[in-house]
Amino acid sequence: MAALRGLVLLLLLACGGPPAAGQKRKEMVLSEKVNQLMEWASKRPVIRMNGDKFRRLVKAPPRNYSVIVMFTALQPHRQCVVCKQADEEYQILANSWRYSSAFTNKIFFAMVDFDEGSDVFQMLNMNSAPTFINFPAKGKPKRGDTYELQVRGFAAEQLARWVADRTDVNIRVIRPPNYAGPLMLGLLLAVVGGLVYLRGSNLDFLYNKTGWAFAALCFVLAMTSGQMWNHIRGPPYAHKNPHTGQVNYIHGSSQAQFVAETHIVLLFNGGVTLGMVLLHEAATSDMDVGKRKIMCVAGIGLVVLFFSWLLSVFRSKYHGYPYRYVFF
């Protein structure tokens, strides 16, 4: 009977021992990984990873932390302008988190450059950069864990909203001080003050309708071309296809735009406006008939040409739109 009890006890120890040892081993590995990431994060908010580091710290279990990884191509010979712009915003986001009072080991920011981890790009079947992916603490990344760069842009504030949605970690973005705005305002005030001082006895220039009309027109053209959208969303200037090298200045969707696209639309709107001004002057001015005819033809030409170009941009973004205007 005693021998039977001893055998049962040995069987229980044999069944309970290995799982306990395995659990302890997992906790030790997890602790080592967290300590390693915390050490690197203390030196550099965005941790640079190669293939080995990525597989060991991001892909391999155990893991109780999320990792936001930016896949990019920053080497000069890659000529990825968007990658550099996105990297600047990503660094701002990571620095805001690293030096926040709420900083914990719940989330880390990392980067894999193509020239340092091409095997990672192949493993994930990734063929474009920059790309942001959230690797959650549990399970594999889902569809929403890949950041929609073309729709949201890469501004640090937009990235922070996406991070909060995927990880429940709220990051208050703190940007380095930018003195360009105050300097420009100070310069403008100095110029206006200088003009008032020099022409104190003659302030008729402040009542110049043409000057105020031109300033208002510039403001309207800037706003209608999408400059405020750029300021809020922070989209890339253009997109370069990594396979063909072709640069796209017009976004193919009506839900997003590039910075270059707003410049193009601004130019087209300006051309249409100039044509309308010439037509107005041709109809109301006191010049001789010959000059008025030239202005009229030039105005019609500008309106037709630039409005056709503007409509072609609209057609490229709203696929299936059936109408066009004269050209394109």
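Because the structure is predicted, anything quoted here is derived from the model rather than measured.

Cut-offs used in this document
Residues numbered from 1 in each chain as written. Predicted model: local features only at pLDDT ≥ 70, side-chain atom pairs only at ≥ 80, totals over all residues. Heavy atoms only, no water. Helix = DSSP H or I, 4+ residues; strand = E, 2+ residues; numbered from the N terminus. Buried < 20%, exposed > 50% of the residue type's maximum accessible area, 1.4 Å probe, protein only. Contact = heavy atoms within 4.5 Å. Areas by Shrake-Rupley, 256 points an atom, 1.4 Å probe, with all protein chains shown as cover. Pairing = 2+ DSSP bridges. Axes fitted to C-alpha atoms, helices over the stretch in contact; angles between N-to-C directions. Salt bridge = Lys/Arg side-chain N within 4 Å of Asp/Glu carboxyl O. Phe/Tyr/Trp six-rings, centres within 6.5 Å; stacked < 30°, edge-to-face > 60°. Lys NZ or Arg CZ within 6 Å of the ring centre and 35° of its normal. Disulfide = S-S within 2.5 Å. pLDDT = per-residue confidence, 0-100. Core = buried A, V, L, I, M, F, W, Y, C linked by side-chain atoms within 4.5 Å.

Take the overall build of the chain next. A count of helices and strands for the chain gives 11 helices and six strands. Relative to its 328 residues, the chain shows a buried fraction of 32%. Relative to all contacts within the chain whose residues are 6 or more apart in sequence, the contacts with residues 24 or more apart total 65%. Put simply, the chain shows about 20,500 Å² of open surface, and 62% of that area lies on carbon and sulfur atoms.

This part takes up the sheet that holds strand 3 (residues 107–113). The four strands lie next to each other as 1-3-2-4, forming an open sheet whose pairing is mixed. Two strands close off the open sheet at either side, each with one partner strand: strand 1 (46–48) and strand 4 (131–135). This sheet shows a mean twist of 30° between the axes of neighbouring strands, independent of strand direction. With seven bridges joining them, strand 2 (residues 66–72) and strand 3 adopt parallel strand pairing. Directly across from Met 70, in strand 3, lies its bridge partner Met 111. Each of strand 1, strand 2, strand 3 and strand 4 touches helix 3 (residues 81–98); the most contacted strand, strand 3, lies at about 160° to it.

Under the criterion given, the structure shown has 10 salt bridges. With its nearest N and O atoms 3.2 Å apart, the salt bridge here joins Asp 52 to Arg 55. Here Arg 55 and Asp 52 lie together in helix 2 (residues 51–59), a separation of three residues that amounts to about one turn. Asp 52 sits in the exposed class, given a relative accessible area of 54%. For Arg 55, a relative accessible area of 32% gives the class partly exposed. Its salt-bridge partner being Lys 317, residue Glu 261 comes within 3.1 Å of it at the nearest N-O pair. Of this pair, Glu 261 sits in helix 10 (residues 259–284) while Lys 317 sits in helix 11 (residues 289–317), and the two are 56 residues apart along the sequence. Across the pair, Lys 317 and Glu 261 agree in class, each one buried. Overlapping salt bridges bring together Asp 52, Arg 55 and Asp 119 as one network.

This model, assessed by the stated rule, comprises 15 aromatic pairs. Between the aromatic rings of Phe 306 and Trp 309, the centroid separation amounts to 5.5 Å while the plane-to-plane angle is 75°, which identifies the pairing as edge-to-face. Of this pair, Phe 306 and Trp 309 both sit in helix 11, three residues apart, which is roughly one turn of the helix. By relative accessible area, which is 29% here, Trp 309 ends up partly exposed. By the ring-pair criterion, three or more aromatic residues cluster together here, those being Phe 54, Phe 71, Phe 114, Phe 121 and Phe 135. The cationic tip of Lys 53 hangs over the ring face of Trp 40; the distance from NZ or CZ to the ring centre is 4.6 Å. One cation-aromatic arrangement involves Arg 98 over Phe 103; the distance from NZ or CZ to the ring centre is 4.9 Å.

Okay, the pairing of strand 2 next. Counting buried positions along strand 2 gives seven out of seven residues, so the element sits mostly inside the fold. Burial along strand 2 is two-sided: the residues Ser 66, Ile 68, Met 70 and Thr 72 and Val 67, Val 69 and Phe 71 are all buried. Pairing analysis gives five bridges linking strand 2 to strand 4, with the strands arranged antiparallel. Bridge pairing in strand 4 places Ile 68 opposite Asn 134.

Applying the stated criterion across every chain yields a total of one disulfide. With a sulfur-sulfur separation of 2.1 Å, Cys 80 is cross-linked through a disulfide to Cys 83. One disulfide, between Cys 80 and Cys 83, carries an S-S torsion of 70° and so falls in the right-handed class. One exposure class covers both Cys 80 and Cys 83, and it is buried.

The next thing to look at is the confidence of the model for the chain. Of all residues in the chain, 86% attain a pLDDT of 70 or more, and the chain-wide mean is 83. A low-confidence stretch, residues 7–17 (pLDDT under 50), is modelled with one contact involving residues beyond four sequence positions or located in other chains.

Formed by 29 residues in total, the largest nonpolar core has its most connected members in Tyr 90, Leu 93, Phe 109, Phe 132 and Val 163. Contributing elements (two or more residues each) for this core: strand 2, helix 3, strand 3 and helix 6 (156–167). For this core, the element with the most residues is helix 3, which contributes eight residues. Leu 37, Ala 41, Phe 54 and Val 69 belong to the second-largest nonpolar core, a separate cluster that totals 22 residues.

Structurally, the position occupied by Ala 155 is in the loop between helix 5 (149–152) and helix 6. On a C-alpha basis, the gap between Ala 155 and Ala 86 in space is 7.5 Å, while along the polypeptide they are 69 residues apart.

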